[in-house]
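# Coordinate analysis (summary)
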Amino acid sequence: MPFGLSNARSTFMRLLNQVLRPFIGRFVVVYFDDILIYSRTEEEHLAHLREVLMALQENKLYIQLKKCSFLTESLIFLGYIVSHNGIHVDEEKVKAIRDWPTPKTVGDVRSFHGLATFYRRFIRGFSSIAAPITECLKKGKFNWGREAEQAFALIKERLCSAPVLALPDFEKLFEVECEASGVGVGAVLSQEKRPVAFFSEKLSDARQKWSTYNQEFYAVVRALKNWEHYLVQKEFILYTNHQGLKFSSTAHPQTDGQTESLNRTLGNLIRSICGDKPKQWDLPLAQAEFAYNNVVHSATGRSPFALVYLKPPKQAVDLARLPKISGVNTGAENMVEQADAFQAEVKQKLEAQNAKYKATADKHRCEKIFNVGDQVMVFLRKERFPIGTYSKLQPKKYGPYKVLKRINDNAYVINLQEDTRISRTFNVADLSEYHAEESSSFQVEGTDVERSTEEFLEKYGIFVRRIIQRGIFGYTSPLCVEDSNRTKRNQIFASKPIV
């Protein structure tokens, strides 16, 4: 880099990102001058290594051989040991923490806390454990008490036995477990019972005064926000003690219609209860839950509470004690018969209602069956794109792709590229048969805007020239057409001269 260049670090980082852009996210990770190349096999790794070195050579970028490691199964990258087993702490840094003497000043506490915080993602509930230590960093007299000493020893112990964090696999199901205490909140992101990362946050003095109900909900919100890049557009399971969220612990970008209808109903119910105090939406959740479970549904003819307990829920009046009456309890004798009759009646109503829904839906539905190996076109909905990457000008269909697996008549696994980071499972409604004369969206030359502009100019070129010459719109070049909302102007630039 030229000597004295302003913003040299960010400029160099941008340069490397541009040079290695075709490889980043596929088999390369870059952070300043650290380049990590990962592969599944030795042959594949040599090919990847050759591509990266050729790209660096073409741009006159050079490496120091003594600082490089090749064909290794584990290495230190950005302070972590990365291997095929996962991510682990650096033993040298752990040794420094383990041998750290008891802090005597605020500066000692700040230094230890800064080093230990670097590996906080390996310790479950780190913020809650370190809370007594962070209290010593506040302004005032330094006070290293028994609780701080216990936290100091516990952090050392947890780091010495820190687990190997699994590398995230976007083809597998993510699981999020949230928890809250009076001091902090925490969460665990895992796959197949192996932790991927730990999250924790110390609650402020104001949040520590919240109810447990609110703290548990805050833990869920912070965990999902922190791991949004892992969970967005992906199916995952959420474990929480928050009572208001137990009815919907599984999230999916394309939920079934019944769940969507339930969420919409509950949302409208809470809005009607909150009224002009929307920020206090969590207060009436218990009332909304009771009201929903006590309403008779049209599909079953029963309330959700009655479906489970065979009787309506008790009201406030029912809690009053009634005098005991001697005699035989006939209800207990006929309970089994009533339960069987009750379930048969509900089952009959559900089957009739489902048949009605199916008959209505089948009027607008055509049967599509694909076999393994068939070529299909894929319709990618807006929800499947990562946040910030979707554009209205993008093609609607992509393909052709091969059908890898048929889950059932409604779901298929499609052979998408590995670097798309999009779920390969598609509903049959998003698939269409591929015809040889149908051109792929990835093979169309030029953009839709360029094609539309050329067609427009070929058809109306003379008319546009006359409009410009006569100055009907008050402009000479380019031609500006004002939209109906009068909020913005769309400029049409000719891609070739108008003659």
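That block above? That's the structure.
What you are looking at is a predicted structure, and each value in this text was computed from that prediction instead of being measured.

### A word on the sheet that holds strand β14 (residues 425–427)
Read from one edge of the open sheet, five strands run β14-β13-β12-β11-β15, paired in antiparallel fashion. Edge strands, defined here as strands with exactly one partner in the open sheet, are β14 and β15 (431–433). The sheet shows a mean angle of 50° between the axes of neighbouring strands, taken without regard to direction. Pairing of strand β11 (residues 375–379) with strand β12 (residues 397–408), which is carried by four bridges, proceeds in the antiparallel orientation. Note on β12: the bridge partner recorded for Val378 is Tyr398.

### Description of the nonpolar core
Inside soluble globular proteins, nonpolar side chains tend to come together where they are buried. Counting residues in hydrophobic clusters, the biggest one holds 26 residues, and the most contacted among them are Phe112, Phe122, Ile133, Trp144 and Ile155. Within the residue set of this core, elements represented by two or more residues are β5 (86–89), α3 (91–98), α4 (106–117), α5 (126–129) and α7 (146–160). With five residues, the single largest contributor to this core is α7. If near-sequence neighbours (up to four positions away) are discounted, Ile155 is found in contact with Phe112, Ala116, Ile123, Phe126, Ile129, Ala130 and Ile133. Grouped together as the second largest cluster of nonpolar side chains are 20 residues, Phe174, Val176, Ala223 and Tyr230 included.

### Brief notes about α4
Here α4 contains twelve residues, and its C-alpha end-to-end distance of 16 Å stays within 8% of the 16 Å for a straight helix at 1.5 Å per residue. When we look at burial in α4, the residues that qualify are Val109, Phe112 and Ala116. Mapping the buried residues of α4 onto a view down its axis gives an arc of 70°, with all of them on the same face. Each element contacted by the buried residues of α4 is listed here: α3, α5, α6 (131–135) and α7.

### Observations concerning the packing of α3 against α7
Running from N to C, α3 and α7 point in directions that differ by 160°, and their axes come no closer than 10 Å. What the angle tells us is that α3 and α7 run roughly antiparallel. Read as a crossing pair, α3 and α7 show a hand that is left-handed. On the side of α3, the interface is formed by Val94, Ile97 and Arg98, while α7 contributes Lys156, Leu159 and Cys160.

Analysis parameters
Residues numbered from 1 in each chain as written. Predicted model: local features only at pLDDT ≥ 70, side-chain atom pairs only at ≥ 80, totals over all residues. Heavy atoms only, no water. Pairing = 2+ DSSP bridges. Helix = DSSP H or I, 4+ residues; strand = E, 2+ residues; numbered from the N terminus. Axes fitted to C-alpha atoms, helices over the stretch in contact; angles between N-to-C directions. Core = buried A, V, L, I, M, F, W, Y, C linked by side-chain atoms within 4.5 Å. Buried < 20%, exposed > 50% of the residue type's maximum accessible area, 1.4 Å probe, protein only. Contact = heavy atoms within 4.5 Å. Expected span 1.5 Å × (residues − 1). Arc of directions from axis to C-beta. Parallel < 35°, antiparallel > 145°, perpendicular 65-115°, else oblique. Left-handed = near helix turned anticlockwise from the far one by under 90°.

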